[in-house]
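# Report on the structure
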Amino acid sequence: MARCKYLLLIVLLFSVFINPVSALCNYEEQAALNKEVANVKANYEVVNIDVGKDYCYPLDGYETEDYTCYADVIQIVILNISKNFVVRIENDDYDFKYDYKYSDTDNGTLTFYLTDKDGQKIQYNPTVTEYEIEVLASSETGCEGSTLRTFNLTIPRYNSYSDLKYCDALSDYYLCQKYVTYDRVPYEDFSKRITEEINKRNEQKEEELKWYEKIWEFVVDHKTVFIVGGIIVVVAGGGTAVYIIIRRRRDIV
């Protein structure tokens, strides 16, 4: 009997401390939160910013002049964060893990830079990395702590090959783009593919040139027809214009 009373007491305590919370998170609120969280978006952009004089040196002959160091860094933006959410962001590569509330945002927009394990901005990101973004219900709701949505944001790496002379005329080619998400290609493979692409484009240009040359040759070979045809068009056009003018004058008279 005493054992039954003890079990009953545990059940009652459990009901007192747990049930009110779960009761608050009803189906209607959960559905509303699921609808709202669908608007949370994440993206990135490459920005060129002043990274401080510790990262570069003045040009030779300008040591006494004031100078500024600029570098490409990646800025991450999370949009549409409301008071109902806590956004947990993790990145294993750079040991990054933070929880952000609405108070950490600018009117619902969270902005931060890709940083290393020491919190320093990463210049020209050398590796493809990924952020896991988990959106939790905040204490403003009856569903506090429950996961509403989880998604990933892939951050590209800086492609150092894009700085090579080969890429000057091939900026649209995937191996020459500045920021990419594929694994680094060995230089031997890069050189081979670039050579193949250059040859391919040169062949296309030659084909286009041959096409124009053929048209020009056709015009030259049939120049008499084109000249006579042009005269006929001019005469016909002039005759039509004269006829219209005469008709108008007659109508006026």
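Quantities reported herein were computed from a predicted structural model and do not represent experimental measurements. (Residues numbered from 1 in each chain as written. Predicted model: local features only at pLDDT ≥ 70, side-chain atom pairs only at ≥ 80, totals over all residues. Heavy atoms only, no water.)

### With respect to the state of the cysteines
Applying the stated criterion across every chain yields a total of two disulfides. Paired by a disulfide, Cys 25 and Cys 143 hold their sulfur atoms 2.0 Å apart. In this structure, the disulfide formed by Cys 25 and Cys 143 twists by about 95° around the S-S bond and is classed as right-handed. A residue pair is termed long-range when its members are at least 10 positions apart, and Cys 25 in the loop between helix H1 (2-24) and helix H2 (27-37) and Cys 143 in the loop between strand E6 (129-137) and strand E7 (147-155) qualify at 118 residues. According to the relative accessible area criterion, Cys 25 is partly exposed, its value standing at 22%. Linked covalently through their sulfurs, Cys 167 and Cys 176 form a disulfide whose S-S length is 2.0 Å. Classification of the bridge connecting Cys 167 and Cys 176 rests on its S-S torsion, roughly -70°, and on that basis the disulfide is left-handed. Just as Cys 167 is buried, Cys 176 falls in that class too. (Disulfide = S-S within 2.5 Å. Helix = DSSP H or I, 4+ residues; strand = E, 2+ residues; numbered from the N terminus. Buried < 20%, exposed > 50% of the residue type's maximum accessible area, 1.4 Å probe, protein only.)

### A short note on the sheet that holds strand E3 (residues 85-91)
With respect to topology, four strands assemble into an open sheet ordered E4-E3-E6-E7, the strand pairing being antiparallel. Looking at the sheet topology across the chains shown, the edges are occupied by strand E4 (96-100) and E7. Going across the sheet, the axis of each strand differs from the next one's by a mean of 15°, ignoring polarity. Across six bridges, E3 lies against E6 in antiparallel orientation. Each residue of the ladder has a partner; that of Phe 85, found in E6, is Ala 137. Sheet strands touched by H2: E3, E6 and E7. Its angle to E7, the strand with the most contacts, is close to 15°. (Pairing = 2+ DSSP bridges. Axes fitted to C-alpha atoms, helices over the stretch in contact; angles between N-to-C directions. Contact = heavy atoms within 4.5 Å.)

### What about the nonpolar core?
Of all hydrophobic cores here, the largest spans 28 residues; its most connected members are Ile 76, Ile 78, Phe 85, Ile 89, Phe 112 and Tyr 131. Listed by contribution, the elements that provide at least two residues to this core are H2, strand E2 (70-79), E3, E4, strand E5 (110-113), E6 and E7. Ignoring anything within four residues of it in the chain, the contact list for Phe 112 reads Ile 74, Gln 75, Ile 76, Ile 78, Ile 89, Phe 96 and Tyr 131. Formed by nine residues, the second largest nonpolar core is a distinct cluster that contains Tyr 161, Cys 167, Leu 175 and Ile 194. (Core = buried A, V, L, I, M, F, W, Y, C linked by side-chain atoms within 4.5 Å.)

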